[in-house]
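Residue strings, one per chain:
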Amino acid sequence: MIVVQGIVKKYGEKLAVDGVSFQVNKGEFVSLLGPNGAGKTTLIRVVLALIKPNEGKVEILGKDPFKDKGVLRNVGYVQELPNLPPFLTGRQVLQLSAKIKKVGKDEVDELLALVGMSDLADRQIAKYSKGMVQRIAIAEALLGDPEILIMDEPNIGVDPVFSLHIRETFDKLKRRGASILMTSHELEDVKKLSDRVILVHKGKKVFEGGVEDLVKKYLGVIVVVEGNEAIQEIAKKLDYVKKVEKVSEGKFYVYLEEDKREELLRELIYGGASVKTFYLSQDLERAYEKAINNA
Amino acid sequence: MLEIMFYEWRRAIARKKVIALIAVSLFFEIGVYLALYLVPSKTVRVILIPLYPYMWVVGVLLPQSLLLHFLAISIASGSMSEEYEQGTVDFFLTKPVTRTRFFLEKWLGSFTLLALIYFIMVIMALAFSYSMFGAQYDVGLLPIVVSLVLFSSLVFFNISFSIGEMLRRSSLSFIISSSILIGSLLISDVLVIIGRFTHISEYVGIGEALPSFGATQLPFLYLANTPYSFLVNALDIYPLHSGSILSAILSVLAYSLIPLGLSYFLFINRDVPKRVA
């Protein structure tokens, strides 16, 4: 579990983080969102005891990482554009990390296989592509089966197949009770992985909640309905429907005043509409954009 | 324990600048012995023959004048700073590694590497002097001389290591430390000469207060009153002997501990930035 309380960080006169608090519970995946320069990386570096805050405190598994570095044994960290010792091979990086973390060496081979780097493990980091370095960094972060995983833009440079594969690994880790904190601009990943998102802008927290809540807050309740034209006619007559927008042939966005999805579905079916698909829109991109513009 | 120290060895050896300086130092060592052995002039040989039993001193003291300090600067200037430049400091400090441990092991790794290179030079010196010039005398002094050489090399090693940490730039650290070494040597040489000619002791005093005094003089002062002092003086980069062993020891302590302490304090208290471009 990670607890961040009232963090304030100034660089000279510039306020990089302004009183941000949040926590990541056991078995929870939390994404830290925000535009470049919002303060996400500073927050992550504060959590990892790399940057001392001017105010506030951080706890990892109930301990202050500034005072008890031992707690970082249970933390895996994937750096933004990982900077690994360029003169070491991928395997040597993992072996060095295993020694420092006091983890058995047998895990090294398992993790290299997990990230698909077994055959390339004896090549120097300097000779890897960006995506390969990222894979090694992810494997390194997973050493010792950490209780806390912190990732700063872990998807930079990795291919979609690996992205999908590693997503499953994060999911397994989460199910085993790990707390995961990630910053990312890949909103599709955020949507698929996150239990909660925290949106920061100009150093301040502007939103905290589920992806659904973020969309609801900034875009309202939008239901995507696919079926016949009757959907539009029936929905328009309902008093809690703000508007109906035809997106393509047989596909409609129904904007609701409040979350009355069940009633809407019932009315559509009783009204004789043919409904093939019915789901709440999670247009995170648009919600994110609106949240930032409003902030 | 000591994983970071061994890592530091690898890191330093991976640098071409360090490898080039090691190669130059070793070739220089070989070259000097070959030159002394193959000297064609009979007159010079007549002068050298009484010194043959002390030829081990040449190889042991030769790097001390300048090469060893450059090697120390070369190794130490990148020790901390390159971790910031490459962003690899995060790799260690986001693990169960205290800042004190990281700092100490980095320092220890760099300095033991320097010591190891010097030991290789000493072994070469012994091998060449025994094989080319026969039995060697006073070799019992070797441990003390080697210790004094390494102790005095701490001055520019620590200055460079500390500037690297303070500025977080390896090239700046190398340039500034080298400039201090060369500048200090030149200024103190001039000051000592002026002091001797004018009999104004303040000049000599200022010369002895500069970092090059303890760094370059300590082993020479120790061997100054030996039967082979002629050989010792020939190897000395300082123009005239001045000062005492105690003042040289104090100079080494002051110029090595103050910067190291300051950089340790800064390392413990400063934020660790993202990769320094």
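Each chain has its residues counted from 1, following the order in which its sequence is written. Labels are handed out in written order, letters beginning with A for the chains and numbers beginning with 1 for the ligands. Note on the predicted model: pLDDT of at least 70 is required for a residue's local features to be given, and 80 or more for side-chain atom pairs to be given and counted; whole-chain, interface and lining totals, by contrast, use all residues.

Caption draft 1: Expanded view of the overall build of chain A. By definition, any uninterrupted DSSP run of H or I lasting at least four residues is a helix, any uninterrupted run of E lasting at least two residues is a strand, and each is numbered from the N terminus. Summing up its helical and strand segments, chain A has 10 helices and 13 strands in all. Its C-alpha atoms give chain A principal-axis dimensions of about 65 × 50 × 30 Å. Within chain A, the fraction of its 295 residues that count as buried is 42%. Residue burial is a threshold on neighbouring C-beta atoms within 10 Å of the residue's own C-beta, all placed from the backbone, with 20 or more meaning buried, 12 or fewer meaning exposed, and counts in between meaning partly exposed.

Caption draft 2: Focus on the interface of chain A and chain B. Taken together, the contact between chain A and chain B spans 21 residues of the former and 20 residues of the latter. For the side of chain A that touches chain B, the element with the highest residue contribution is helix 2 (residues 90–101) of chain A, accounting for 5 residues. Gly is put with the polar residues, along with every residue not named as nonpolar or charged; the nonpolar set is Ala, Val, Leu, Ile, Met, Phe, Trp, Tyr, Cys and Pro, and the charged set is Asp, Glu, Lys and Arg. Partitioned by chemical class, the residues of the side of chain A that touches chain B number 11 nonpolar, 5 polar and 5 charged. A pair of residues counts as a contact when their C-beta atoms, built from backbone coordinates, are within 7 Å of each other.

Caption draft 3: Geometry of the pairing of strand 2 (residues 14–24) of chain A. Residue and element names in this part refer to chain A. Where strand 1 (residues 2–11) lies against strand 2, 8 bridges are found, and the strand directions are antiparallel. When the sheet's bridge partners are listed, Val3 is paired in strand 2 with Gln23. If DSSP finds at least two bridges between two strands, the strands pair. Linking strand 1 to strand 2, which pair antiparallel, is a turn of 2 residues; within it Gly12 sits at a positive phi near 65 degrees.

Caption draft 4: Looking closely at the confidence of the model for chain B. Summing up the model confidence of chain B, the mean pLDDT is 90 and the portion of residues at 70 or higher is 97%. Predicted as a complex, the structure gets a pTM of 0.89 and an ipTM equal to 0.86. A score from 0 to 100, pLDDT tells how confident the predictor is in each residue.

Caption draft 5: Representation of the nonpolar core. The term nonpolar core refers to a set of buried Ala, Val, Leu, Ile, Met, Phe, Trp, Tyr and Cys residues connected through C-beta atoms within 7 Å. One finds Ala139(A), Ile150(A) and Leu214(A) to be the most contacted residues of the largest nonpolar core, which totals 83 residues. Among the elements that take part in this core, helix 4 (residues 130–142) of chain A stands out by supplying 8 residues, more than any other. Domain delimitation follows an automatic or database domain assignment. The two domains that each donate at least three residues to this core are domain 1 (2–209) and domain 2 (215–294) of chain A. With sequence-adjacent residues up to four places away left out, Ala139(A) is seen in contact with Leu94(A), Leu111(A), Leu112(A), Leu114(A), Val115(A) and Met117(A). Formed by 57 residues, the second largest nonpolar core is a distinct cluster that contains Val58(B), Ala76(B), Trp107(B) and Ala125(B).

Caption draft 6: Geometry of the pairing of strand 11 (residues 241–248) of chain A. All names here are of chain A. Among the 8 residues in strand 11, 0 count as buried, and that is only a small part of the element. By the bridge criterion, 6 bridges tie strand 11 to strand 12 (residues 251–256) in an arrangement that is antiparallel. In the sheet register, Ser248 faces strand 12, and the bridge partner there is Lys251. Where strand 11 folds back on strand 12, the antiparallel hairpin that results is connected by 2 residues, among which Gly250 adopts a positive phi of roughly 80 degrees.

Caption draft 7: How the structure looks around the sheet that holds strand 10 (residues 221–227) of chain A. Residues and elements named next belong to chain A. In space, the 4 strands of this open sheet follow the order 11-12-10-13, with antiparallel pairing throughout. Two strands lie at the open edges of the sheet, namely strand 11 and strand 13 (275–280), each paired on one side alone. Strand-to-strand twist of the sheet, defined as the mean angle between neighbouring strand axes without regard to direction, takes the value 20 degrees. The sheet contact formed by strand 10 and strand 13 spans 5 bridges and is antiparallel. Across the sheet, Gly227 pairs through a bridge with Val275, a residue of strand 13. Each axis is a line fitted through C-alpha atoms, taken for helices only over the stretch in contact, and angles between the N-to-C directions span 0 to 180 degrees. Its contacts with the sheet place helix 9 (residues 261–270) against strand 10, strand 12 and strand 13, and it is angled at close to 170 degrees to strand 13.

Caption draft 8: Molecular detail of helix 7 (residues 211–219) of chain A. All names here are of chain A. Where helix 7 is concerned, the buried positions are Val211, Leu214, Val215, Lys216 and Tyr218. Elements that come into contact with the buried residues of helix 7 comprise helix 6 (187–193), strand 8 (196–201), strand 9 (204–209), strand 10 and helix 10 (284–294). Gly220 lies just past helix 7 and shows a positive phi near 85 degrees.

Caption draft 9: Geometry of the domain arrangement of chain A. Residues and elements named next belong to chain A. We note that the domain assignment places domain 1 (2–209) and domain 2 (215–294) within chain A. Computed over C-alpha atoms, the centres of domain 1 and domain 2 are 37 Å apart. Between domain 1 and domain 2, the residue contacts involve 9 residues of the former and 7 residues of the latter. At the level of elements, helix 6, strand 8 and strand 9 are the ones that each hand at least two residues to the side of domain 1 that touches domain 2. Examining the composition of the side of domain 1 that touches domain 2, we find that 3 residues originate from one element, helix 6, more than from any other. In the side of domain 1 that touches domain 2, the residues fall into 7 nonpolar, 1 polar and 1 charged.

Caption draft 10: Region of interest: unusual backbone geometry. All names here are of chain A. The backbone phi angle of Leu81 is positive, close to 45 degrees, even though this residue is not glycine. In this structure, Leu81 sits in the loop between strand 5 (75–78) and helix 2. On the basis of neighbour count, Leu81 is assigned to the partly exposed category, with 15 C-beta atoms found within 10 Å. In the Ramachandran plot, Lys202 falls in the positive-phi region, its phi being about 50 degrees despite a non-glycine side chain. Its place among the elements puts Lys202 in the loop between strand 8 and strand 9. We classify Lys202 as partly exposed; it has 16 C-beta atoms within 10 Å.

Caption draft 11: Expanded view of the packing of helix 5 (residues 67–79) of chain B against helix 8 (residues 99–133) of chain B. All names here are of chain B. Contact geometry for helix 5 and helix 8: axes closest at 10 Å, N-to-C directions at 155 degrees. The orientation of helix 5 relative to helix 8 falls into the category roughly antiparallel. Relative to helix 8, helix 5 is oriented so that their crossing is right-handed. Between helix 5 and helix 8, the contacting residues are Leu68, Leu71, Ala72, Ile75, Ala76 and Ser79 on the first element and Lys106, Ser110, Leu113, Leu114, Ile117 and Tyr118 on the second. When grouped by side-chain class, the residues that make up the contact of helix 5 with helix 8 number 9 nonpolar, 2 polar and 1 charged. Every angle not falling under 35 degrees, over 145, or within 65 to 115 is termed oblique; those three ranges are roughly parallel, roughly antiparallel and roughly perpendicular. Should the near helix be turned anticlockwise from the far one by less than a right angle, the crossing is termed left-handed; should it be turned clockwise, right-handed.

Caption draft 12: Broad picture of the environment of Tyr264(B). In this fold, Tyr264(B) is placed in helix 14 (residues 245–269). Separated by 99 residues in the primary sequence, Tyr264(B) and Glu165(B) place their C-alpha atoms 8.4 Å from one another.

Caption draft 13: Molecular detail of the packing of helix 5 of chain B against helix 10 (residues 170–198) of chain B. All names here are of chain B. Packing of helix 5 against helix 10 brings their axes to within 8 Å, and their N-to-C directions diverge by 155 degrees. Judged on the interaxial angle alone, helix 10 and helix 5 are roughly antiparallel. Considering only the axes of helix 5 and helix 10, their crossing is right-handed. Residue-level inspection shows His69, Phe70, Ile73, Ser74, Ser77 and Gly78 of helix 5 in contact with helix 10, the latter providing Ser170, Ser173, Phe174, Ser177, Ser178 and Leu181. Tallied by class, residues from the contact of helix 5 with helix 10 come to 4 nonpolar, 8 polar and no charged.

Caption draft 14: Looking closely at the sheet that holds strand 3 (residues 29–33) of chain A. All names here are of chain A. On the basis of which strands lie adjacent, the open sheet formed by 6 strands has the order 5-6-7-3-8-9 and mixed pairing. Since the sheet does not close on itself, it has two edges, and those belong to strand 5 and strand 9, each with one partner. Across this sheet, the average inter-strand angle for adjacent strands is 15 degrees, counted without regard to direction. Bridge count for strand 6 (residues 148–152) against strand 7 (residues 179–183) is 5 bridges, and the pairing is parallel. In the strand pairing of strand 7, Ile148 is matched with Ser179. Strands strand 5 and strand 6 of the sheet are contacted by helix 4, whose axis makes an angle of about 170 degrees with strand 5.

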